[in-house]
Amino acid sequence: MGDGLGSFSSNVVSVGSEITAVSLAICDFNGDGFQDIAIGELFSYVTILFGDGAGGFIVSSYFSLPKRPDQLAIADLNGDGKQDFVTLSTTGRSMSIRFNSNEITNTWLGLTSEWNKPTNWSLGMIPSACAKLIVNTGVPFLPTITGINNTCYSLTLNNGANINMASGAILNITGE
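Residues numbered from 1 in each chain as written. Predicted model: local features only at pLDDT ≥ 70, side-chain atom pairs only at ≥ 80, totals over all residues. Heavy atoms only, no water.

### Side note on the nonpolar core
Argument step 1. Listed in full, the twelve residues of the largest apolar core are Ala25, Cys27, Phe29, Ala38, Val46, Ile48, Phe50, Leu65, Leu72, Phe85, Ile104 and Met125.
Argument step 2. Among the elements of the structure, strand E1 (21-27) and strand E3 (45-51) are those that each provide at least two residues to this core.
Argument step 3. Counting residues per element, this core draws most heavily on E3, at three residues.
Argument step 4. Setting aside its immediate chain neighbours within four residues, alanine 38 contacts Ser23, Leu24, Ala25, Phe29, Val46, Thr47, Ile48 and Leu72.
Argument step 5. In this structure, Trp121, Ile145, Ala161 and Ala169 belong to the second largest nonpolar core, which totals eleven residues. (Core = buried A, V, L, I, M, F, W, Y, C linked by side-chain atoms within 4.5 Å. Buried < 20%, exposed > 50% of the residue type's maximum accessible area, 1.4 Å probe, protein only. Helix = DSSP H or I, 4+ residues; strand = E, 2+ residues; numbered from the N terminus. Contact = heavy atoms within 4.5 Å.)

So, in structure tokens, the structure goes:
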């Protein structure tokens, strides 16, 4: 990471050995104020890594493409204020456009009751402002929300499911 004075730390952030990158682009895809990374992969995928603001990244989603994304560009193509991406395949002589819906469905797994524990969520990440959350019944533990910095786009409590709110806890639901 840059120190703001022209030097960089020697820290290396690993994103896993499963990614074979051929292109990448950086922008804030989910609107949380932190830079995210889109990686065009050798085997016709784009992987989105959400930045945590401290130099770490969480794999958030994968998009399958018809051809290998040799080049990747980011822009708001439809004027909705969200960054979209365009891929160009030189091997397949094709272009793909993906519009950013900024919506991610994250389902509660309930391995423990901790809301802010990534392993309790199907995507392996703590809910963010763009996440559509689903809580089902039949899981080992129902969620308990603690703290004040909890945000999601929408929350669906399926028949019989509920959430517990610790004293002083806040959940901001930002959806329309």
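### Side note on the environment of serine 23
Argument step 1. Within the fold, serine 23 resides in strand E1.
Argument step 2. Placed 18 residues apart in sequence, serine 23 and glutamate 41 show a C-alpha to C-alpha distance of 7.0 Å.
Argument step 3. Not counting the four nearest positions on each side in its chain, serine 23 is found in contact with Ala38, Ile39, Gly40, Pro69, Asp70, Gln71 and Leu72.
Argument step 4. A distance of 2.7 Å separates the side chain of serine 23 from the backbone oxygen of proline 69, its partner in a polar contact. (Polar contact = N/O pair within 3.5 Å; in protein donor to acceptor, adjacent residues only side chain to side chain.)

### Topic: the packing of aromatic side chains
Argument step 1. Counted according to the given criterion, the structure contains three aromatic pairs.
Argument step 2. With a centroid separation of 6.5 Å and 20 degrees between ring planes, the pair formed by tryptophan 108 and tryptophan 115 is classed as stacked.
Argument step 3. Look at tryptophan 115 and you get buried, because its relative accessible area is 2%.
Argument step 4. For the ring pair tryptophan 108 and tryptophan 121, a centre distance of 5.0 Å and an interplane angle of 75 degrees mean the geometry is edge-to-face. One end of the pair, tryptophan 108, is in the loop between strand E8 (104-107) and strand E9 (131-135); the other, tryptophan 121, is in the loop between E8 and E9, and 13 residues separate them in sequence. Each member of the pair, tryptophan 108 together with tryptophan 121, is buried.
Argument step 5. Members of the aromatic cluster, joined through ring pairs, are Trp108, Trp115 and Trp121. (Phe/Tyr/Trp six-rings, centres within 6.5 Å; stacked < 30°, edge-to-face > 60°.)

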